[in-house]
Amino acid sequence: YMDNQSNPSDIFGRAARIGPVAGAYFTVLFLCAAYSGMHPLLSILTLVLFLSVPWLLYRRLSATAAAVAKVRTVTLWTEGIYSFLFGGLIMALLVYVWLRFVDPGYMRNQLELAAQLMRDYPQSASPDLRHTVEAVLEQGSLPGAIQMAMSLFWTVTFTGAVLSLPVAFIIAKIKSSR
């Protein structure tokens, strides 16, 4: 393992090894966020998990920087991007399975809840939004499990690419100043 860890060209290997852990983490984060409306304490856990992502990324990329003789920002950034990409793929698969087989009514239930809240509190949303939500429910044009999974996959991947750049830059600067 250490031979692969210290090999700067094994970016994909390191990212692929972190992928299953990241995928499970992102899936738990999704589930906590998705069900925090029913279990309010999950919103606190969601916030903690969400705010821990930069710190966990920093630790992961710092371990890579410590294991290689010369570290470059672009190498760390690439590893961060691929870590989120591989983690996002696993999360997308797990979210798809969850929304397709475990809780297939999740999207409908959430939109029905939103519609009810907009009816009870009309000032909370514009009339256009209320009309759109009602129309989606009436027409049954809800996003499916695959659309939700892919949307979350791209969100995780894009967020990881954006987040990895400053983290990689900071780690490379710290290492070069030593």
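What counts and what doesn't
Residues numbered from 1 in each chain as written. Predicted model: local features only at pLDDT ≥ 70, side-chain atom pairs only at ≥ 80, totals over all residues. Heavy atoms only, no water. Helix = DSSP H or I, 4+ residues; strand = E, 2+ residues; numbered from the N terminus. Rg over C-alpha atoms; globule rule 2.2 N^0.38 Å. Buried < 20%, exposed > 50% of the residue type's maximum accessible area, 1.4 Å probe, protein only. Contact = heavy atoms within 4.5 Å. Areas by Shrake-Rupley, 256 points an atom, 1.4 Å probe, with all protein chains shown as cover. Lys, Arg positive; Asp, Glu negative; His and termini not counted. Charge placed at Lys NZ, Arg CZ, Asp CG, Glu CD. Expected span 1.5 Å × (residues − 1). Polar contact = N/O pair within 3.5 Å; in protein donor to acceptor, adjacent residues only side chain to side chain.

Caption draft 1: Expanded view of the overall build of the protein chain. In terms of helices and strands, the protein chain carries seven helices and zero strands. A compact globule built from 178 residues would reach a C-alpha radius of gyration of about 16 Å, whereas the protein chain, at 20 Å, exceeds it by more than 25%. Along the first, second and third principal axes, the C-alpha set of the protein chain runs to 60 × 30 × 30 Å. Buried residues in the protein chain amount to 37% of all 178 residues. When contacts within the protein chain are restricted to residue pairs at least 6 apart in sequence, those whose partners lie at least 24 apart make up 74%. Within the structure as shown, the protein chain displays about 10500 Å² of accessible surface, and the carbon and sulfur contribution to it stands at 69%. In the protein chain, 13 positive and 9 negative side-chain charges are present, and the distance between their average locations comes to 18 Å.

Caption draft 2: Region of the structure containing helix α6 (residues 127-139). The terminal C-alpha atoms of α6 lie 18 Å apart, and with 13 residues this matches the ideal 18 Å at 1.5 Å per residue to within 8%. If you check which residues of α6 are buried, you get V133, A135, V136 and L137. Buried residues belonging to α6 abut α5 (106-120).

Caption draft 3: Spatial organisation of the side chain of E79. Among the structural elements, E79 can be located in helix α4 (residues 73-102). Looking at E79, its side chain comes within polar contact range of the side chain of T64, at 2.9 Å. Non-local contacts of E79, meaning those with residues more than four positions away in its chain, are made with I11, R14, A15, R60, L61 and T64.

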